[in-house]
Amino acid sequence: MSRTKNAVWLLLILPGTLFVILFMLVPLFSLCLTSFFPDQSFSLSSYFRLFGDAYFQQTFMRSIRLSLLSTLVCALLGYPTAYYISKFSRHKGMMMAFAVFPMFTSPVVRSFSWMVILGKRGIVNNFLVWSGLFAKPQDLLYNEFSMTVGFVQLFLPQMILSLIGVMDNIPDDLTLAAGNLGATKLGSFFHVVFPLSISGLVTGSVLVFTGCMTAYTTPQLLGGTDTRVLSTMVYQYAMSLRDWTQASVVAVVMIVATMVISSVFNSVSRKINPMA
Amino acid sequence: MALLELKNITAGYDQNIILKDFDLSVEKGEFVSLLGSSGCGKTTCLRMIAGFSEPMAGQIIFDGKDYTKVPLHKRNFGFVFQSYALFPHLTVFDNVAFGLKMRKMDKETIRHEVLHMLKVVDLEGFESRYPREMSGGQRQRVALARALVIKPDLLMFDEPLSNLDAKLRVKMRVEIRRLQQELGFTAIYVTHDQEECFAISDKVAIMNKGVIEQMDTPSEIYNRPKTEFIARFVGFENFIDLERTGGCEFKANNGARIVTAADHEGSCKGCIRPGDVTVHAAGAQVPNAIQGRVLVSTFLGQRNQLNVQTDVGEFVVSTDQNQVFPVGETVTLSLAANKIILID
């Protein structure tokens with residue numbers, strides 16, 4: 001019985017597996033190969049060249065920095081929102097719809113909206129000048145600030161959704177039990193709710209971080225010429241400079257960096273809640 | 001004076017009133033059960049005492065002090081949840097230690113107290129396990145240890161055994177009773193299982209639609225129910241309207257003369273269990289005789305059950321298995337005088 005059952009399962013997962021192998025693993029593998037064989041023979045020269053390049057170093061650090069910053073802001077904004085929606089909101093469905101609403105529009109449209117909002121004559125600058133905080137409009141666009149704003153708006157729903165998913169599974173009895181055992185509201189939050197929701201925070205952070213690292217439209221439209229990130233750099237190498245080797249080197253670096261930082265997130269969560 | 005008193009409590013959610021003008025009093029060291037079917041308000045009542053919710057009106061007095069608005073974390077009451085509500089991310093040791101840590105006790109004392117309590121509930125050596133690595137019965141005992149270790153002024157149980165299998169349930173209830181008598185804590189226990197609740201409690205409060213119908217010792221409730229609801233609850237199945245004609249003498253609707261051991265003012269209802277009615281051949285000269293016709297005869301192993309139609313309503317009677325009465329036969333029922341309970 002188990003043999004036929006296994007055969008059925010294998011058949012069922014076959015299309016998905018083939019799809020992933022053909023369109024994801026094979027190109028990824030050839031990408032890696034390209035980066036290690038710049039002139040038909042194995043060499044790490046492309047990597048040395050890249051890491052020795054000050055412009056790349058800056059770009060690499062900017063990518064990591066902006067992604068981490070956006071992840072942090074998403075966590076700080078998303079956690080209380082998710083906590084409220086999951087535990088206190090009376091209109092949960094509606095609140096969830098609002099939270100994910102930004103996902104219904106394309107990143108291009110959203111970036112254009114930010115251009116309107118943050119531009120020299122945008123409402124933010126108008127307000128700053130009108131209120132007397134600044135004498136003249138500030139540069140809010142085409143810099144790291146506008147990129148972070150774009151990232152946060154783009155990925156906040158992912159953070160909120162993964163947190164709600166986990167928080168919904170924390171039974172109310174646990175917080176009542178903590179209170180019954182003498183914990184204040186704050187105490188039961190820090191001793192029970194927070195450690196139990198850490199897995200959602202990590203999943204959300206990984207989604208936001210990888211999203212920020214790989215996003216292209218948002219940094220392209222909201223960033224300036226002197227605020228390139230890795231994804232725009234790949235595009236530049238591949239499309240403007242026609243240097244596919246260098247483009248794949250940057251791509252491999254992106255993948256490795258993303259994986260390393262994601263696994264750091266995971267190990268932190270395991271320290272806090274070993275049962276997650 | 002009672003340790004815990006609920007006075008005129010009204011509780012519920014929004015428009016849905018679950019308890020109205022509810023009173024309850026519990027003496028120190030007593031084991032009191034709230035028994036009732038689901039939706040009767042027993043859990044609502046328990047959760048309110050614990051401080052999980054506030055009553056809409058009324059007062060909770062504990063040890064002479066008004067506890068109505070005291071926040072739950074300041075009550076020092078233990079609570080054993082139906083779901084156990086163990087912290088899944090903490091080991092057994094840390095689960096049990098939780099309440100002591102919140103009380104800011106020093107590490108050595110906590111260690112000593114927790115290990116002692118784990119020994120009491122027979123879980124030595126399980127300190128570093130996680131709840132999900134344990135069986136239902138073991139989790140139940142962790143929950144018990146966690147509630148007991150804080151030396152609560154009052155310990156509450158919300159259907160704590162309902163997730164265990166029948167055998168374990170009996171074992172655990174003996175265990176809980178033993179601990180209660182050994183440690184002398186005051187307990188309020190909520191259940192819908194009559195047997196469980198009679199076995200474990202000093203006093204049982206039977207609840208129906210948000211009010212306590214009767215609160216007494218288990219044997220008092222079993223032998224002298226005060227209302228028809230309680231009587232039905234503890235196995236009385238036959239009810240006849242009676243009119244008083246003299247001391248301990250009554251007349252049924254059909255004129256039959258019923259003599260009872262107890263007395264009751266005015267008209268009342270007599271109730272009797274199926275096993276306390278005997279069946280005889282038609283016209284037999286027996287005390288408290290009522291004529292009837294057999295409607296249904298059901299084989300129940302040790303006993304037979306007869307449904308007998310009489311002038312004063314249908315009777316359910318339990319007979320010896322060798323006493324066979326075919327359906328349709330006319331019989332005479334005899335009600336044992338000292339087994340008839342009179343209620344309003």
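**Q** Looking at this structure, I do not really get the environment of leucine 156 of chain A. What am I missing?
**A** Residue and element names in this part refer to chain A. Tracing the backbone through its elements, the reader meets leucine 156 in helix α7 (residues 144–167). Note: C-alpha distance between leucine 156 and methionine 103 (53 residues apart in sequence) is 9.5 Å. If sequence neighbours within four positions are ignored, leucine 156 has contacts with Cys74, Leu77 and Gly78.

**Q** Please clarify how the domain arrangement of chain A should be interpreted in this entry.
**A** Accessible area lost on assembly of the parts is the figure often given for the size of an interface. Residue and element names in this part refer to chain A. With domains assigned, chain A is organised as domain 1 (1–36) and domain 2 (49–272). Between the C-alpha centres of domain 1 and domain 2 there is a distance of 31 Å. Of the residues lining the interface, 5 residues belong to domain 1; the matching set on domain 2 comes to 6 residues. Of all residues in domain 1, Leu31, Thr34 and Ser35 bury the most surface against domain 2, accounting for 76% of the area lost on that side. At the junction of domain 1 with domain 2, the criterion picks out 0 salt bridges.

**Q** What's the story with the interface of chain B and chain A in this structure? I'm lost.
**A** Each side of the interface is counted separately: chain B has 23 residues, and chain A has 19 residues. Buried surface at the junction of chain B and chain A, summed over both partners, amounts to about 2,000 Å²; 66% is from carbon and sulfur atoms. It is His73, His89 and Met102 of chain B that lose the most area in chain B upon contact with chain A, and together they represent 30% of the buried surface on that side. Inspection of the chain B/chain A interface yields 1 salt bridge. A salt bridge links aspartate 173 of chain A to arginine 47 of chain B; the shortest N-O distance between them is 2.9 Å. Seen at the junction of chain B and chain A, the total is 6 residue pairs in polar contact (both at pLDDT 80 or more). Only β6 (77–80) and α2 (92–102) of chain B provide two or more residues apiece to the side of chain B that touches chain A. Residues that form the side of chain B that touches chain A fall into these classes: 13 nonpolar, 5 polar and 5 charged.

**Q** Before we go on, may I ask you to explain the sheet that holds strand β20 (residues 341–343) of chain B in this structure?
**A** Across a sheet, strands are paired by hydrogen bonds formed along the backbone, either parallel or antiparallel in direction. Residue and element names in this part refer to chain B. In spatial order, the strands read β13-β12-β11-β14-β20; together these 5 strands make up an open sheet with antiparallel pairing. Two strands bound the open sheet, and with one partner strand each, they are β13 (257–259) and β20. For this sheet the average axis-to-axis angle between neighbouring strands, irrespective of direction, equals 45 degrees. In this sheet, β20 lies alongside strand β14 (residues 268–272) in antiparallel orientation, the contact comprising 3 bridges. Within the sheet, the bridge partner assigned to lysine 269 lies in β20 and is isoleucine 343.

Conventions and cut-offs
Residues numbered from 1 in each chain as written. Chains lettered and ligands numbered in written order. Predicted model: local features only at pLDDT ≥ 70, side-chain atom pairs only at ≥ 80, totals over all residues. Heavy atoms only, no water. Helix = DSSP H or I, 4+ residues; strand = E, 2+ residues; numbered from the N terminus. Contact = heavy atoms within 4.5 Å. Domains from an automatic or database assignment. Buried area = accessible area lost by both parts, 1.4 Å probe. Salt bridge = Lys/Arg side-chain N within 4 Å of Asp/Glu carboxyl O. Polar contact = N/O pair within 3.5 Å; in protein donor to acceptor, adjacent residues only side chain to side chain. Nonpolar A, V, L, I, M, F, W, Y, C, P; charged D, E, K, R; others polar. Pairing = 2+ DSSP bridges. Axes fitted to C-alpha atoms, helices over the stretch in contact; angles between N-to-C directions.

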